[in-house]
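# Coordinate inspection notes
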Amino acid sequence: MGEQQLRKADRKGGPGHTVLLALALAVPVTKLAYTVGGGDAVRDVLVGMEPANWPDILVGMVITDPLLGSVLAVVVSRVVFALFAARGAVPLGGGLAGALRRAALTLVNPIAVGIIDACFFGPWWGLATGLGAFVLRQGVVVEYRTGRRRPHHHEQDGAGHGDPGYRPPDWLRRAAGAEQWAALSLTVLVLPFLAFASALDGQAWTGIVECRVTDGTRTGSDRLIELSRKGDGVVGWNLDSEQISNGLGCVSEESRYVREPWWR
C-alpha cells in the first residue's frame, strides 16, 4: 500500500470505517434472526422493541462478550486516531511541549477505553485493551513523525515531511510497519469473526426473565427475552408461545442461552 493510498485511507477512516459500519448494520439483525428464529419473529421483536431501543441489540452484544467488546474498543480507538491524525492532529514539532502533546494525544483515549473495559469485564481486560489501543496508536504517531504519512493540510501546502530531527531506531520503524498489519488484521478479520460468532452463539442480547403471563383465559409462567419495561411489568419475546407478551412479577434467569450455538 503506497503512501498516497495510506493518507487517503486515513482521511476516510480507512478500512475500519467501512467494516464498522457494515458490522453495525448486519450483526444486530443476524443476532436477532438467529436468536428468535427469523422470519416474522424478527419483525415482531423490532416492533416490540420500538426504534429507539433497536441499538440495544448491538450494545447488549458488546457489553456481554469481553473479547468482542475489547477488540471493538481497540479498533475504534485506532480508527478515530488515524482519522484525526490525517487532519493534522499529531504535533510534529520537537521539544518538550511537542512530546507532551503527543503523549497526551496518544494516551488519553487508551486510558479511557481501558477504564470502560475494566468496569464491564474486570481489570485485566481493561489493562489489555488500554495497552492494545496505545500500541496501535503509537505506530500511527511514528509513521507521521518520520514523514511516511503526512497530514492532509500539509499535502496541500507542500510541507510536513515529519520531524526533521526525528530518527527512530530501526526496530521502532519495523514495529510501526507491524502495527499496520496488526490493525488491518484486527479490523477486517478478527473483529468480523468475533462479531458474527457472538451473533450466532445462541444467547440473548439482554436478560431472560420468567414472568406471569396472561394469554386469553390462560395464566402461566413463561420465559421472556426482555425488550422493554412498561410500568411494573416487562414487554418481551415469549420463548414459549413465540410472540410478544406482557409479563408481571418477573424474575431474572442466570442463563441467557436460548438455543444451541450455530456451530453445534
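All residue numbers here refer to positions counted from 1 along the written sequence of the relevant chain. In view of the model being predicted, local features appear only for residues whose pLDDT reaches at least 70, and side-chain atom pairs are presented and counted only at 80 or more, with totals across whole chains, interfaces and linings using the full set of residues. Hydrogen atoms and water are omitted, and side-chain values are computed over all heavy atoms in the structure.

### Structural notes on the overall build of the protein chain
Each helix and strand counted, the protein chain has nine helices and four strands in total. Taken from N to C terminus, the helices and strands of the protein chain fall in the order α-α-α-α-α-α-α-α-α-β-β-β-β. A simple rule labels every residue: compare its accessible area, found with a 1.4 Å probe on the protein chains alone, to the largest value its type can have, and call it buried under 20%, exposed over 50%, or partly exposed in between. Taken across its 264 residues, the protein chain has 44% of its residues classed as buried. Whether two residues are in contact is decided by their heavy atoms: any pair within 4.5 Å suffices. Excluding contacts between residues fewer than 6 apart, the proportion of contacts in the protein chain whose partners are at least 24 apart in sequence is 68%. The Shrake-Rupley method, run with a 1.4 Å probe, gives the accessible areas here. Residue values count only the displayed protein chains as cover. For the protein chain, the accessible area works out to roughly 13,800 Å², and carbon and sulfur atoms hold 63% of it. Secondary structure elements are defined from DSSP: runs of H or I of at least 4 residues count as helices, runs of E of at least 2 residues count as strands, and each element is numbered from the N terminus.

### Thoughts on the environment of Val251
Within the fold, Val251 resides in strand β4 (residues 243-252). Accessibility expressed as a relative area gives 53% for Val251, which makes it exposed. Along the primary structure Val251 and Val209 are separated by 42 residues, whereas in three dimensions their C-alpha atoms are 5.3 Å apart. When residues no more than four places from it in sequence are discounted, the contact partners of Val251 are Ile208, Val209 and Glu210.

### Things to note about the pairing of strand β1 (residues 208-215)
A strand pair is defined by DSSP finding two or more bridges across the two strands. In the sheet, β1 pairs with strand β2 (residues 218-230) via eight bridges, with the strands oriented antiparallel. By the bridge assignment for β2, Ile208 is matched with Ile225. The hairpin formed by β1 and β2 contains two residues between the paired strands, and Gly216 there has a positive phi angle of roughly 70 degrees. Direction of pairing for β1 relative to β4: antiparallel, over a ladder of four bridges. In the sheet register, Arg212 faces β4, and the bridge partner there is Leu248.

### Quick look at the confidence of the model for the protein chain
Low pLDDT means the predicted atomic positions in that stretch should not be read closely. When pLDDT is averaged along the protein chain, the result is 82, and 79% of the positions lie at 70 or above. Values of pLDDT, which run from 0 to 100, indicate the predictor's confidence residue by residue. Across the protein chain, helix α4 (residues 56-64) holds the top mean pLDDT of 93, while helix α8 (residues 152-157) sits lowest at 47. pLDDT under 50 marks residues 152-161. Its contacts with residues more than four places away, or in other chains, come to 16 contacts.

### Focus: the sheet that holds β1
Spatially, four strands are ordered β1-β2-β3-β4 in a closed barrel, and the strand pairing comes out antiparallel. Along the sheet, successive strands turn relative to each other by an average axial angle of 60 degrees, direction set aside. Lines fitted to the C-alpha atoms define the axes, with helices restricted to the stretch that makes contact. Angles between their N-to-C directions range from 0 to 180 degrees.

### What to know about the pairing of β2
In the sheet, β2 pairs with strand β3 (residues 233-238) via six bridges, with the strands oriented antiparallel. Paired with Ser228 across the bridge in β3 is Val235. Between the antiparallel neighbours β2 and β3 lie two residues, among them Gly231 with a positive phi of about 60 degrees.

### Some words on the packing of aromatic side chains
Between 30 and 60 degrees the pair is tilted, below 30 it is stacked and above 60 it is edge-to-face, where a pair is any two Phe, Tyr or Trp rings, Trp via its six-membered ring, whose centres lie within 6.5 Å. In the structure shown here, the tally under the stated rule is one aromatic pair. With a centroid separation of 6.0 Å and 45 degrees between ring planes, the pair formed by Phe120 and Phe121 is classed as tilted. Of the residues examined, Phe121 reaches a relative accessible area of 18% and is grouped as buried. Geometrically, a lysine NZ or arginine CZ counts as sitting over a ring once it is within 6 Å of the ring centre and also within 35 degrees of the ring normal. The ring of Tyr34 carries Arg259 above its face, with NZ or CZ at 5.6 Å from the centroid.

### Thoughts on the state of the cysteines
Any two cysteine sulfur atoms within 2.5 Å of one another count as a disulfide. This model, assessed by the stated rule, comprises one disulfide. Paired by a disulfide, Cys211 and Cys250 hold their sulfur atoms 2.0 Å apart. Sign of the S-S torsion, about 115 degrees for the bond between Cys211 and Cys250, identifies this disulfide as right-handed. With Cys211 in strand β1 and Cys250 in strand β4, the pair connects residues that are 39 residues apart, well separated along the chain.

### Things to note about the nonpolar core
Within soluble globular proteins, side chains that are nonpolar generally end up buried alongside one another. Put simply, buried Ala, Val, Leu, Ile, Met, Phe, Trp, Tyr and Cys residues joined by side-chain atoms within 4.5 Å make one nonpolar core. The biggest cluster of nonpolar side chains holds 27 residues, and the ones touching the most others in it are Val36, Val45, Trp205 and Ile225. For this core, the secondary structure elements donating two or more residues are α2 (14-36), α3 (40-49), α4, α5 (66-85), α9 (170-199) and β2. The leading source of residues in this core is α2, at six residues. Counting five residues, the second largest nonpolar core, distinct from the first, contains Val209, Val213, Leu224 and Val234.

### Considerations on the side chain of Thr129
Inspection of the secondary structure puts Thr129 in helix α7 (residues 123-145). Discounting residues that sit within four places of it in the chain, Thr129 has contacts with Ser70, Ala73, Val74, Val113 and Asp117.

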